[in-house]
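A look at the structure
Read off the chains here:
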Protein chains: 2
Amino acid sequence: MEFSRRDFLMRVGQAGGYSAAFVAMQGLGLMPARAEGLVTHESLGAAPGSGAGVKVVILGGGIAGLVAAYEMRQLGYTVTVLEARERPGGRNWTVRGGDKIKFVDGTTQTCSFDEGNYQNVGPARLPSIHPNILAYCKKLGVQLEVEVNTTRSSFLQNDNANGGKPVVQRQAINDTRGHVSELLSKAMSGGSLDSEMSKDDKDRMLAFLRLYGPLDQAGKYNGSDRSGYLETAGAGDQTGVLSKPIDMHTLLDESFWQGMLFEEQFDMQATMFQPLGGMDRIPYAFAKSLGDIVQYSSPVSEIRKTAKGVKIGYMQGGSAKQIEADYCICAMPLTILKKTPNDFSAPYKKVIEESVYANAYKVAWESRRFWEQDYNIYGGLEFVNVGCSPIWFPSAKIFSERGVVVSGYTDETSSPFGKLTIPEKFEESRKSIERLHPGHGKELEKPIYVGWQRIPYNEGSWIRSYGPPAGDGPGRGARAGGPSDPTAPRPVSPGYETLIQPDGPIFFAGCHVSHIVAWQEGATLSSLRAVKLISERVKAAKLATTASSIVSA
Amino acid sequence: MEFSRRDFLMRVGQAGGYSAAFVAMQGLGLMPARAEGLVTHESLGAAPGSGAGVKVVILGGGIAGLVAAYEMRQLGYTVTVLEARERPGGRNWTVRGGDKIKFVDGTTQTCSFDEGNYQNVGPARLPSIHPNILAYCKKLGVQLEVEVNTTRSSFLQNDNANGGKPVVQRQAINDTRGHVSELLSKAMSGGSLDSEMSKDDKDRMLAFLRLYGPLDQAGKYNGSDRSGYLETAGAGDQTGVLSKPIDMHTLLDESFWQGMLFEEQFDMQATMFQPLGGMDRIPYAFAKSLGDIVQYSSPVSEIRKTAKGVKIGYMQGGSAKQIEADYCICAMPLTILKKTPNDFSAPYKKVIEESVYANAYKVAWESRRFWEQDYNIYGGLEFVNVGCSPIWFPSAKIFSERGVVVSGYTDETSSPFGKLTIPEKFEESRKSIERLHPGHGKELEKPIYVGWQRIPYNEGSWIRSYGPPAGDGPGRGARAGGPSDPTAPRPVSPGYETLIQPDGPIFFAGCHVSHIVAWQEGATLSSLRAVKLISERVKAAKLATTASSIVSA
């Protein structure tokens, strides 16, 4: 398989779900941000009970739909959620032993993981800078544990660098800093930046580089303990031998850079969390609270506007049913809306039709925890430049005998991987583990492959484009920009601007109606916004009714 | 309080327990290291049952003593551990509500933390590159959880920089890399390093710096999402506003450098662990396994050599007692050995006498988790340049209502802090929290202060010097070197070289008999080494006996 440099940039970004260019979230300059009780009647602009007598139907029981239902019920609305599947959560899906993975073409896999093992095949991380979804975890009693998104003990590998031999991340990261520091120290000592800074700042910078590198007194990088040891040391006369620095030329390889900087993406930075026992603890906790508000196995077949609001057709128990409501929150993927008969106005039909979704996949395996037992790697990710990447080690049940490891999590659209059969995909996935940890590919068992484009009721992982841009720039795709210039002005996407406005009584929700695509926080915020907009409209309608009754009295 | 630059270097090192210069541990180039089953009969060079009929007395029931007892019993030795306290663990001490902290001068504090809260006042981290102590946790069923040693959301603060305003670490770390990258890019573009590298490497380096910084196409650093956001963004039309980069001059302040690089020290790197419920789960698990092999409340009063081995005097239940054995593993602190009548040979008496111990302390408070609830900080450390540092947030029971936070953990020897009364220390400690999180100092309650020099049976935290060096260099103090040139040859310390050899039937153990001072892994390895040395001697003695019986037959 061949990937362009651009593909690599994208692949690393995709590992987390979306590009740095479109992330826009909880500001953390130094302003206190409250991680609990974020949502209040005040923040929603709605009085308790203000929804009494108003009916709302919510399409889709993913995180967006569940959050909307939870808050609208609190406000007194009469709420129904129509969910196509027999479970809540949408893409928030945890696969365990016995679970079936069915594709749109009928292909079915049955997971055979051991009891207690699982894979979050959709979202698998909760960044601490996503306070709203964290607040719901707290409110609903979902117990969280640390998700280890970074470890210095995991590897990077590139067939074309270092003779294909993996490099441990502590060495790549720290030797790179060392070489950069040495070069700058050398340039500055030669006077090349004397016109740029004061003598005092120059001296401070040179002193800083000695620590930053670290460099010796002559300004040379000779390696350091930060990069690790070649030989174990311990008690008595057993001293250690430091690793020899990797030469700069090797470290300049592009795929090493990518892996090294992954952890610095805003939404990938420590501290990260995951629910104990699986990400689906969140939707199940919502579902428990909502009870029969959520109607399962009820796929939407028709979305119509009426004089009073909406009329939604759906299937249930083999029969066609209908529900009428004053308002609708539509939290279905645009991929599915495309195929659902509807009354949307022309601009909405256009963006839905023109939208393009990514097709992220994950391949996960059960195995003896060779990464822990043989390599001291506990959680974290590894990156290779060819084939399936990243490798993602479990943070669940660390130190137990067996665990589930991901080998391959990216967008397979237009990639050679996308064209492989499932058994071929498994062999590609196994190869990456073998590249990084020779001899261990054969320890991988019980693989599962989830390609979101092939999953019924999703047919895509997350939005990549809202259609053509207004100007000459790229569309407002989740990955339209790149991390290299995140401050550059973003091109306007008419499709996005349309979707964030209600189409009459219908309000769109889901991470695609937020700047935090492919994260549960985006879905959450989009729903809170929809709830607020509906509440405002309900309040206005009541005022109008009161006014007209006064006039007619 | 005033600290020299050197003090800051040391303080950061000490926060972890020892200097990078003397760390020498599990090599992780890319050689598989097994995290379990490390200790075997083979690795100890001893056959099962080889200790039958041989008596060993172990002085001190800290981690070193417990590991030695555990392994020697496995080999069939008759083992007794004499422990001065009523609990196992030594410096591995977890303080909970109701516990008393007694100083040598009689001063007593009673901890009043809420049920379930605790502070590990000794070791509080288990690095994943310390496989031996981790293997014992696994073997003994001690459940571990991730210790969050790094978070990008915590702060750095310096009264003399940035107007004293704290800086969030994601910004300090990422803006620093940005500025360094921009400077190097500028220097290279100006041709200043053209003689140093090929045209190809230069081009690659310039491209690399655009990603590393990240820099724009013109080579300028304009900030990035890695440094975080000033204004929250979210759903709909709510876009975010990136933080403005901090200027380079501010970032050049030395105390910022320290905090930023803390996480890159080999033994501070992710992934780190802690036992669920407190570090003392480890010694209690050993103690449970060892049963009445460990004699508590039995301080050693005399260490004598005999014709056959050793005779140890100790106190128990108010009476003077004695125990004889063939061998002795002496795992008491040198501070206490200094005051214990003994028969050590002259070189051992000398190093014991001349050794100098550090006096680390911790101040810990219970509080509402304002760091989590108001700042999205979960675990991790913060650093200030004046007063108590670091601040260390708990990894235990994240998301619960109240937790225990450390404000101040360093060596107070010869520091102004060392001269303060306990109430004054508490006020100093509170001030650091107030500097970093204004308004929250008053939320701190129920402080405890543990200064290890004042704790009976320790009278010091860890060894700092083994006495005068052989040459002109500094002594082999645990902190004699610095991180700036860890590859420089280390000065020989005659004291250390003495201590790692047995004095007749007496073998020394403890982290001071290792290159991993102030870590449980060092204590563990020192004991495994002592067990091995004793086993070899026992084997040799048996061979000699057999030989002589054959001769006399």
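Residues numbered from 1 in each chain as written. Chains lettered and ligands numbered in written order. Predicted model: local features only at pLDDT ≥ 70, side-chain atom pairs only at ≥ 80, totals over all residues. Heavy atoms only, no water.

1. As for the domain arrangement of chain A
It is common to give the size of an interface as the accessible area that goes away when the parts come together. Residue and element names in this part refer to chain A. Our working rule: For each domain, the first and last residues come from an automatic or database assignment. Residues are treated as being in contact if the distance between any of their heavy atoms lies within 4.5 Å. Summed over both partners, the accessible surface that disappears when two parts come together, traced with a 1.4 Å probe, is what is meant by buried area. Between Lys or Arg on one side and Asp or Glu on the other, a salt bridge is scored when a side-chain nitrogen of the former is within 4 Å of a carboxyl oxygen of the latter.
Assigned domains of chain A: these are domain 1 (41-89 + 282-355 + 467-552), domain 2 (94-153 + 269-279 + 359-454) and domain 3 (168-252). With centres defined by C-alpha atoms, the gap from domain 2 to domain 3 works out at 35 Å. Counting residues at the interface gives six residues for domain 2, matched by four residues for domain 3. Summing the contributions of domain 2 and of domain 3, the shared interface buries around 420 Å²; its carbon and sulfur component is 41%. The interface formed by domain 2 and domain 3 holds zero salt bridges in total.

2. Some points on the packing of helix α3 (residues 63-74) of chain A against helix α4 (residues 131-140) of chain A
All names here are of chain A. Spelled out, the test is: Convention adopted: a line fitted to C-alpha atoms gives each axis, helices being fitted over their contacting stretch, and angles between N-to-C directions are expressed from 0 to 180 degrees. Labels follow the DSSP assignment, with helices taken as runs of H or I lasting at least four residues and strands as runs of E lasting at least two, numbered in each case from the N terminus. When describing relative orientation, an angle under 35 degrees is termed roughly parallel and one over 145 degrees roughly antiparallel, while 65 to 115 degrees is termed roughly perpendicular and anything else oblique. Left-handed describes a crossing whose near helix is turned anticlockwise from the far helix by less than a right angle; the clockwise case is right-handed.
Two numbers describe how α3 lies on α4: the axes approach to 13 Å, and their chain directions differ by 60°. Relative to α4, α3 is oriented oblique. Here α3 and α4 pass one another in a crossing that is left-handed. Contacts from I63, V67, Y70 and E71 in α3 reach I133, Y136, K139 and L140 in α4.

3. Looking at the environment of B:L533
Tracing the backbone through its elements, the reader meets B:L533 in helix α15 (residues 520-552). Residues B:L533 and B:I506, spaced 27 residues apart in sequence, show a C-alpha to C-alpha distance of 11 Å.

4. Some thoughts on the state of the cysteines
By definition, a disulfide links the sulfur atoms of two cysteines through a covalent bond. All names here are of chain B. The test is simple: Two cysteine sulfurs form a disulfide in these notes if their separation is within 2.5 Å. When a residue's accessible area, from a 1.4 Å probe over protein chains only, is under 20% of the maximum for its type it is buried; when over 50% it is exposed; and in between it is partly exposed.
By the definition in use, this model includes zero disulfides over all chains. No disulfide involves C388; its sulfur sits 18 Å from that of C111, the nearest cysteine. Exposure remark for C388: the relative accessible area of 0% places this residue in the buried category.

5. Side note on the relation of the copies chain A and chain B
Applied cut-off: The copies were overlaid by least squares, fitting only the C-alpha atoms of residues that reach a pLDDT of 70 or more in each copy.
Of the transformation superimposing chain A on chain B, the axial component is 0.0 Å and the angular component is 180°, with the fit at an RMSD of 0.1 Å. In short, the pair behaves as if placed about a two-fold rotation axis. It is A:L184 whose C-alpha, among those of chain A, lies nearest the rotation axis, at 2.6 Å. Comparing interface residues between copies, 99% of those in chain A also sit at the interface in chain B, which points to an isologous, same-surface contact.

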